Amino acid sequence: MPRVLLVEDDPDVREAVRLGLRHQGHEVLAAATGEEGWEHLGSFRPDVVVLDLMLPGISGLDVCRRIRDRDQVPIIIVTAKGDDVDVVVGLEAGADDYVVKPVRARVLDARIRAVLRRQDASVPDTARPRPQSHGELVIDRAGLVVTHRGERVALAPSELRLLLTLSASPGQVFSRQQLLEMVWEHSYHGDIRLVDACVKRLRGKLGEPAGRPRYIQTVRGFGYRFGTS
């Protein structure tokens, strides 16, 4: 049973989402503030965090950043309709996905299950491929371990799945829509910013030079590819 930490200050929304997720088969711990959610993170050890960005006291954005500095647990942010800037900032802060209010339990359940599948992003054990070396970057697809210059790189589920997808076919160009469907399992066009935000975070963690990325290369007007040089 997936363990969900829900951080939402509106009591009516919090209770409705909590009951809806419980009905969908999740174990849910609800918190009313960012401080309370942060305190529960270590003791509850959730499989995924559902985090409202508009919180009293510590904002949801700050909580998202704090979590990412400490943990790679999947984070789904909740935003008000039309808050596009908040969505982009939240994604760049480390969120894996987002939902827009009013939150529907079935939609949120689908997003939770999708992000948890991304966490189990390994290839079939029958292949047991050896780690791939790309210069200073080493990708162990079987062990789901990425190292750069000998240091392990902590990647959130979406970042890992994106890197595994691109690096499986070096040189092949993937459109943003293709990556959205392959990594996030979204089939509509409104979420391509998920891809761009994840690429930005991934490049930062891999130490990609600004303007001249070696690994995650932009194909202008189309999408991205994994560099072969």
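Residues numbered from 1 in each chain as written. Predicted model: local features only at pLDDT ≥ 70, side-chain atom pairs only at ≥ 80, totals over all residues. Heavy atoms only, no water.

A. How the structure looks around the packing of helix H5 (residues 105–119) against helix H6 (residues 157–167). The interhelical angle for the contact between H5 and H6, taken along N-to-C directions, is 55 degrees, at an axis separation of 8 Å. By the angle class used here, H5 and H6 are oblique. Considering only the axes of H5 and H6, their crossing is left-handed. In contact with Val115, Arg117, Arg118 and Gln119 of H5, H6 contributes Pro157, Ser158 and Arg161. A class-by-class count of the residues in the contact of H5 with H6 yields 2 nonpolar, 2 polar and 3 charged. (Axes fitted to C-alpha atoms, helices over the stretch in contact; angles between N-to-C directions. Helix = DSSP H or I, 4+ residues; strand = E, 2+ residues; numbered from the N terminus. Parallel < 35°, antiparallel > 145°, perpendicular 65-115°, else oblique. Left-handed = near helix turned anticlockwise from the far one by under 90°. Contact = heavy atoms within 4.5 Å. Nonpolar A, V, L, I, M, F, W, Y, C, P; charged D, E, K, R; others polar.)

B. Looking closely at the pairing of strand S3 (residues 48–52). The buried count for S3 comes to 5 of 5 residues, which makes it a mostly enclosed element. Side chains Val48, Val50 and Asp52 project from S3 onto one buried face, and the interleaved Val49 and Leu51 project onto a second face that is buried too. The pairing of strand S1 (residues 3–7) with S3 spans 4 bridges and is parallel. Within S3, the residue paired with Val7 across the bridge is Leu51. Bridge count for S3 against strand S4 (residues 75–79) is 4 bridges, and the pairing is parallel. Residue pairing for S4: Leu51 is matched across the bridge by Ile77. In terms of handedness, the path from S3 via helix H3 (residues 60–70) over to S4 forms a crossover that is right-handed. (Buried < 20%, exposed > 50% of the residue type's maximum accessible area, 1.4 Å probe, protein only. Pairing = 2+ DSSP bridges. Right-handed = clockwise from strand over helix to strand, strands pointing away.)

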